[in-house]
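# A look at the structure
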Amino acid sequence: MASFLDDTKNFGLIVLIISVLGLISSVIGYLDNIMTLIGYVVYYAIMIVLGLSIFKGTTMGLNFMFPEGPKSKFGVVTAYIFATGLGNIVLGIFGLIGGSTGGIGTIVIGAIILLVGWIITNDKSTFLDKVIWIVLVILFALSALFGVFAIIGSFALGDILVIVTALISSIASFLLSLMILLYLFDSSVKCKL
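The structure contained in this document is the topic of the report that follows. Since the model is a prediction, treat every value here as computed from it, not as a measurement.

## What about the packing of aromatic side chains?
Scanning all chains against the criterion turns up eight aromatic pairs. Consider the rings of tyrosine 30 and tyrosine 40, whose centres lie 5.1 Å apart with planes at 10°: the pair is stacked. On the criterion of sequence distance, the pair formed by tyrosine 30 in the loop between helix H2 (8-29) and helix H3 (34-56) and tyrosine 40 in helix H3 is long-range, its members being ten residues apart. A relative accessible area of 30% means that tyrosine 30 is categorised as partly exposed.

## Overview of the nonpolar core
Phe11, Met47, Leu50, Tyr80, Leu176, Ile180 and Leu184 are the most contacted members of the largest nonpolar core, which totals 41 residues. If you list the elements that add at least two residues to this core, you get H2, H3, helix H4 (73-97), helix H5 (102-120), helix H6 (127-154) and helix H7 (160-185). Per element, the largest residue contribution to this core is ten residues, and it comes from H4. Other than its neighbours up to four places away in sequence, leucine 176 contacts Phe11, Ile14, Val15, Ile18 and Tyr80.

Reading the values: rules and limits
- Residue positions within a chain follow its written sequence, with the count starting from 1.
- Totals for whole chains, interfaces and linings use every residue, but because this is a predicted model, local features are given only for residues with pLDDT of at least 70 and side-chain atom pairs only at 80 or more, for both listing and counting.
- No hydrogens and no water enter the side-chain calculation; it runs on all heavy atoms of the structure.
- Only the six-membered ring of Trp is used, alongside the rings of Phe and Tyr, when aromatic pairs are assigned; centres must lie within 6.5 Å, and planes under 30 degrees apart are stacked while those over 60 apart are edge-to-face, with the rest tilted.
- Only runs of H or I of at least four residues qualify as helices and only runs of E of at least two qualify as strands under DSSP, and these elements are numbered from the N terminus.
- Throughout, exposure labels follow a simple rule: accessible area from a 1.4 Å probe, protein chains only, divided by the maximum for the residue type, with under 20% read as buried, over 50% as exposed, and the rest as partly exposed.
- To qualify as a nonpolar core, a set must consist of buried Ala, Val, Leu, Ile, Met, Phe, Trp, Tyr and Cys residues joined through side-chain atoms within 4.5 Å.
- It only takes one pair of heavy atoms within 4.5 Å for two residues to be counted as in contact.

This is the structure:
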């Protein structure tokens, strides 16, 4: 299991699984709100490109997201942060176009996430980097814990197809959070933060 979690290629595979399931769920769930649907389609497209980049071990033209390439743990952590920030900005913009006032908050959160990505990749290790490392550890530890709750909660959803889909998504989300958490403690990542 340790080698599975240690291989960044598997991280890319997990991102792909989560993104494809999220894309399908979004198409099914947001057919009545076209702007929200477009936002989620673009968001998951960004995440699919991220997953493919990491899985294939190539930046696919997204060099700014991978300061050390898609095979390094630091590269994977920073690329995930950049993709999440960019994806949230896209969701916020389409949310605003669709009339959601929550879009503003989503854009701000996305911008903060992008700022965090920039701070940790600017080749300067400062006190702020240490604070960001602590915050990321707490966030991904909580995310892994909530992933365990989601796995358990998947069994209470009723329909077998819904249970299986939720279970796969919950396990993948748990593994993603656990892998980033472990990567954050890896000496090759920790020394940069």
